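Per-entry structural report
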Amino acid sequence: SLTVNDIVENRIEKNLKIVGKSLLVDLPENSSFSVSDFVAMQQRHITARSAMLQEKNTEIQNAVADLIDKIASYQFESPGERVATKDIVKIKNHYNHFVYQALLNS
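So, here's what we can say about the structure. In this text the structure is predicted, and so the values were computed from the model without any measurement. (Residues numbered from 1 in each chain as written. Predicted model: local features only at pLDDT ≥ 70, side-chain atom pairs only at ≥ 80, totals over all residues. Heavy atoms only, no water.)

A few points about unusual backbone geometry
To keep it simple, the criterion reads: Numbered from the N terminus, helices here are DSSP runs of H or I no shorter than four residues, and strands are runs of E no shorter than two. Note on exposure labels: buried denotes an accessible area under 20% of the residue type's maximum, exposed denotes more than 50%, and partly exposed covers the range between, all computed with a 1.4 Å probe on protein chains only.
Even without a glycine there, the phi angle at Asn 30 is positive, about 55°. Relative to the assigned elements, Asn 30 resides in the loop between α1 (4–21) and α2 (35–72). What makes Asn 30 exposed here is its relative accessible area of 82%.

What about the nonpolar core?
Going by this rule: Residues grouped as a nonpolar core are buried Ala, Val, Leu, Ile, Met, Phe, Trp, Tyr and Cys residues, joined through side-chain atoms within 4.5 Å. Contacts were defined at the residue level, with two residues in contact if any of their heavy atoms lie within 4.5 Å.
Ile 12, Leu 16, Ile 60, Val 64, Leu 67 and Tyr 95 are the most contacted members of the largest nonpolar core, which totals 18 residues. Looking at this core, the elements that each hand over two or more residues are α1, α2 and α3 (85–105). With residues up to four places along the chain from it excluded, the contact list for Leu 16 reads Ile 60, Tyr 95, Phe 98, Val 99 and Ala 102.

Structural notes on the packing of aromatic side chains
Put simply, the test is: The pairing test for Phe, Tyr and Trp rings, Trp by its six-membered ring, is centres within 6.5 Å, and the orientation test on the planes gives stacked under 30 degrees, edge-to-face over 60, and tilted for anything in between.
Counted by the stated rule, this structure contains two aromatic pairs. Between Phe 33 and Phe 38 the ring centres are 5.5 Å apart and the planes differ by 10°, which places this aromatic pair in the stacked class. For Phe 33, a relative accessible area of 36% translates into the label partly exposed. Relative to Phe 76, the ring of Tyr 74 has its centre 5.1 Å away and its plane inclined at 85°; by these criteria the two rings are edge-to-face. In this structure Tyr 74 comes out as exposed when scored by relative accessible area, which is 53%. The class for Phe 76 is partly exposed, based on a relative accessible area of 29%.

Regarding the pattern of salt bridges
To keep it simple, the criterion reads: For salt bridges, the criterion is a side-chain nitrogen of Lys or Arg within 4 Å of an Asp or Glu carboxyl oxygen.
Using the criterion set out here, one finds three salt bridges in the structure. Between Lys 56 and Glu 59 there is a salt bridge; the shortest N-O distance is 3.4 Å. Note that Lys 56 and Glu 59 are positioned in helix α2 at a spacing of three residues, about one turn of the helix. Ionic pairing is found between Lys 86 and Asp 87, a salt bridge with its closest N-O pair at 3.8 Å. Judged by relative accessible area, Asp 87 falls into the partly exposed class, the value being 29%.

Right under this line is the structure:
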């Protein structure tokens, strides 16, 4: 069974780093090209990157859902005590913010 740390480190943080390091523009060194070639090259690159970024976003969303399930299923000592819905929303918002930041940094 995965621990909370496994989910956060291996499924969320790792994917956030990949997203943050993704280059959204392909600028080949030591090459000359026409404007139309450059545009076509960027369209291909963006299409490929978009697919990868969507996959990583889905992986992060699934990991956050698993994290929330893990946290929500925690058995407190007091019967009937559980994780508050507002705290679950905070977790989702926290990782939404970091996905957005990773995209801005890419």
